[in-house]
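So you can see what is in the structure, the chains are spelled out below.
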Amino acid sequence: MNSSSDEKSPSTVTPANHRHIRKVAVLGSGVMGSRIACHFAHIGLDVLLLDIVPLDLKEEQKNNSKARNQIVNNALKTAVKSKPSPIYHQQFLNNITTGNFEDDLDKIASCDWVIEVIIERLDIKKTLFDKVEKLRKPGSLVTSNTSGIPISMLAEGRSEEFQQHFCGTHFFNPPRYLNLFEIIPHTTTDPEVIQFFEHYADLFLGKTPVLAKDTPAFIANRIGVFSMSTIFQLMNDFDLSIGEIDVITGPLTGKPKSATFRTADVVGLDTLIKVAKGVYDNCPEDERRSTFQIPDFVLTMEKNQWLGDKTGQGFYKKSKNEQGKRVFLELDPKTLEYKETPKRTFDSIAQAKSAGGLQNKLRVLSKGNDEAARFNNTVNAMVFQYCAHRIPEISDELYRIDDGMRTGFGWKMGPFEMWDTIGVQEALDQMTSMGFEAPQWVHSMLSSGASSFYKHQAGQRMYWDIPSASYKAVPGQEHFILLANRKEDIVWKNSGTNLYDLGEGVLNLEFKTKMNSIGGEVLEGINHAIAKAEDEGWKGLVLGNDASNFSAGANLAMILMLAVEQEYDELDIAIRQFQQTAMRIRHSSIPVVAGPHGMTLGGGCEITMHSDAALASAETYIGLVEVGAGVIPAGGGCKELALRASDYYHTNDPKIPRIVEVFTHIATAKVASSAHEAFDLGLLDKRKDEVVINAKRVIAEAKKKVLELHNNGYSQPPIRKDIEVVGRSGMAALLSGLSGFELGNYATPHDITIAKKIAYVLCGGDLSMPSKVSEQYLLDLEREAFLSLCGEIKTQQRMESILKTGKPLRN
């Protein structure tokens, strides 16, 4: 955990094996190197980023340090400007020192870990390691981020002590967002080093460590590129366009939005070809070796430099139609021409989409018999077979393959998890009918009476261990609380929530609505959980879940329905219930700790702000975004930011600039791009909230926080009646700039209407002078403003747009 307050940083926490990482050297500042340096920097490490001296320096530049560091400095600047950002907050760039191999390589003597991220050429890497070995301090770790060169070849010729502390540590790009961290030892790597990296990757890097064998492409690229190569090879056998295949192999089946061909364009076709060729050349015994052969049309694309985004065209190409509208053209592999391809409808896809939930979608597709379903089932059969045959070649344990694909390629389920979902026997029968035979160990598992690769037992996830022919616990679970493993611990539920007993007297309320939106069922769950904890002597409550996002906000469909039908009394009751629930969270007699992660928007943000503490995942995108729906925050969001601004006044003046900041954040629907940025926006509070680097640890850390608050003598906070608001003078300052925004077309008239409501609430209404008001006073103001805006046609149009398109309407 990396904290915003006084928690220990990675340099001061002592892991089990007593090794410390205080300073890291990153050798190579290319796309991966610069971003790896950023990731190290934003977890609090001192980072030395080095690269070569430019080869074309003029004579007068050769003694100029700025000129000599031009490559590394430009690379870092480029990385920082990229979207999405590789770093949590700009302040962490102060942790990075740049230099070059000629002048600064000796500085690695002060580093605890040296990671090489230079060009994928064995000779160049070995030359650099010759220098590193002479300069590094004994006992320091040295690793390579190579994705294609065997680690054993890089270790050749090195001293015994160097080899003991050397292995592969493979990040995936972008390092901030992809959680895979492959650890690849060679035969002489010290086991303590491997144990350390597994521990460090989880706790400090926020990654999922996957122990891989030193085989070509390791685990994730071996399976991921096989899957993509399979799709390339199957295209001629099915009457499907590139776009149609991307629909099948995208979110519908638990893959990223970029699916297959869009992913190839983003990664670069040349990169995929290189990995595929590496496997083909170096795996002569692979029974599916021919799958890695590059089809002719892909080789033509490479020859034409149609490599994807980096060259402006690949499987897709941006263009404009006759009306001047921007369109995405897709490649026809048969003609190698780009064209707009109309998307056909397939019954299996329509049925899967309406099935709800990834598991149901996969089952529906597996039973389909149209072209789309047959394609999907053939791909699955080949991938399932290939993964089963890769044990024990690339991994001894099947869960590592699933971990690699989920965290490296962004799959929602790994291949064995998908196989389980469809049904091991059912999928096996389908595979056999297609001519894809699974290895004997799968048949033996089924013959033993086991029917799945995974099962849950006593709150743990168990996997089928092939050598022992028995289930074993997936290691490392003791650090996490995964609700999916604890269904037997549910003590109460309704249609929108599950309430879990986490042990040690702590409850956890899980939201389970679509996008974890907050409606009546969730509010009922929160109130029931708090009442149960208070009445039955529980120590406290965690608001946390395992979903991709904490909460996308209030149930907008319900609000729109009530607004359109002019049921303002019902709407008033609903808003009051939300406000009362937020205040119940704040003023309950037991500690309530939130575990935000992913999208934490609108009502999800308000729930988080009213908790006694938030243990937020570093990747928390939190904000009050209600203006996009034509309203203002009314679940206590405006009240809470006015309160925090008031507290800020006591130690920081003048008052007006702070309220201007708060007003701007709400009026522009500003969303923090990380938990660290949320402190700047006032959405997280440094007095009570903390950042957790590994999202999988959020619930466990939140539970610890509940126990800490309880054990330190938690007392119910009083309702605040001392909130300083600035009245008319402050409102005038906020409104003075609005006309300029409207004239400059930065704001529509309806934007101005909403902004005026925000200003009115934040300043305390029509008060003639600065005054002190209560929380309830501000809650009443924001509720009244919300209700008045719901009666506006333009607000209803904004709500309808978001519900229909997912995009805000600027009207």
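See above for the structure.
Read on for an overview of the structure. (Residues numbered from 1 in each chain as written. Predicted model: local features only at pLDDT ≥ 70, side-chain atom pairs only at ≥ 80, totals over all residues. Heavy atoms only, no water.)

With respect to the layout of surface pockets
Part 1 of the argument: A volume near 530 Å³ is recorded for the second largest pocket.
Part 2 of the argument: Of all the elements in the fold, those that place two or more residues in the lining of the second largest pocket are helix H26 (655-667), helix H29 (727-735), helix H30 (738-743) and helix H31 (749-762).
Part 3 of the argument: Considered class by class, the residues forming the lining of the second largest pocket number 16 nonpolar, four polar and three charged. (1 Å grid on protein atoms, 1.4 Å probe; cavity = no way out; pocket = protein on both sides within 12 Å on 5 of 7 lines; lining within 4 Å. Points joined across faces, edges and corners; volume = space filled by probe spheres on them. Helix = DSSP H or I, 4+ residues; strand = E, 2+ residues; numbered from the N terminus. Nonpolar A, V, L, I, M, F, W, Y, C, P; charged D, E, K, R; others polar.)

Regarding the sheet that holds strand S23 (residues 690-692)
The strands that make up a sheet are held in pairs by hydrogen bonds between backbone atoms, and each pair lies either parallel or antiparallel.
Part 1 of the argument: If you trace the seven strands from one edge of the open sheet to the other, you get S15-S16-S17-S18-S19-S21-S23, paired in mixed fashion. Of all the strands in the sheet, just strand S15 (490-493) and S23 have a single pairing partner and so form its edges. Neighbour-to-neighbour, the strand axes of the sheet open up by a mean angle of 25°, direction not taken into account.
Part 2 of the argument: As paired elements, S15 and strand S16 (residues 497-503) share three bridges and run antiparallel to each other. What sits directly across from Ile 490, in S16, is Tyr 500.
Part 3 of the argument: Each of S15, S16, strand S17 (506-511), strand S18 (540-543) and strand S19 (592-594) is contacted by helix H21 (residues 520-536), which is oriented at about 175° to S17, the strand it contacts most. (Pairing = 2+ DSSP bridges. Axes fitted to C-alpha atoms, helices over the stretch in contact; angles between N-to-C directions. Contact = heavy atoms within 4.5 Å.)

What to know about the pattern of salt bridges
Part 1 of the argument: This model, assessed by the stated rule, comprises 59 salt bridges.
Part 2 of the argument: Where Lys 277 meets Asp 281, a salt bridge forms, and the shortest distance between an N and an O atom there is 2.8 Å. Here Lys 277 pairs with Asp 281, and both are found in helix H12 (residues 269-282), just four residues apart, close to one helical turn.
Part 3 of the argument: Take Asp 281: its relative accessible area is 40%, and that puts it in the partly exposed class. (Salt bridge = Lys/Arg side-chain N within 4 Å of Asp/Glu carboxyl O. Buried < 20%, exposed > 50% of the residue type's maximum accessible area, 1.4 Å probe, protein only.)

Re empty space enclosed by the protein
Empty space among the atoms becomes apparent when a probe as large as a water molecule is rolled across them.
Part 1 of the argument: By the definition in use, this model includes three cavities of 30 Å³ or more.
Part 2 of the argument: Looking at the largest cavity, its volume works out to about 60 Å³.
Part 3 of the argument: If you go around the largest cavity, the residues you meet are Val 225, Met 228, Ser 229, Phe 232, Leu 269, Leu 272, Ile 273, Ala 276, Ile 294 and Val 298.
Part 4 of the argument: Of the residues belonging to the lining of the largest cavity, the class tally is nine nonpolar, one polar and no charged.
Part 5 of the argument: Put simply, the second largest cavity is a space of about 50 Å³.

So, the state of the cysteines
Part 1 of the argument: By the definition in use, this model includes zero disulfides.
Part 2 of the argument: Of all cysteine sulfurs in the structure, the one in Cys 283 sits closest to Cys 387, which takes part in no disulfide; the separation is 14 Å. (Disulfide = S-S within 2.5 Å.)

Thoughts on helix H17 (residues 398-408)
What sets the pattern is the α-helix's 3.6 residues per turn: residues three or four places apart point alike.
Part 1 of the argument: Across the 11 residues that make up H17, a large majority, 10, are buried.
Part 2 of the argument: Looking at the residues trailing H17, positive phi occurs at Gly 410, about 75°.

What about the pairing of strand S6 (residues 166-171)?
Strand residues, when the strand is regular, have side chains that alternate between the two faces of the sheet.
Part 1 of the argument: Counting buried positions along S6 gives six out of six residues, so the element sits mostly inside the fold.
Part 2 of the argument: Alternating residues of S6 divide into Phe 166, Gly 168 and His 170 and Cys 167, Thr 169 and Phe 171, and every residue in both groups is buried.
Part 3 of the argument: Here strand S5 (residues 141-144) pairs with S6 via three bridges, running parallel. Its bridge partner lying in S6, Ser 144 is registered against Gly 168.
Part 4 of the argument: For S6 and strand S7 (residues 180-184), the ladder comprises four bridges, and the chain directions are antiparallel.

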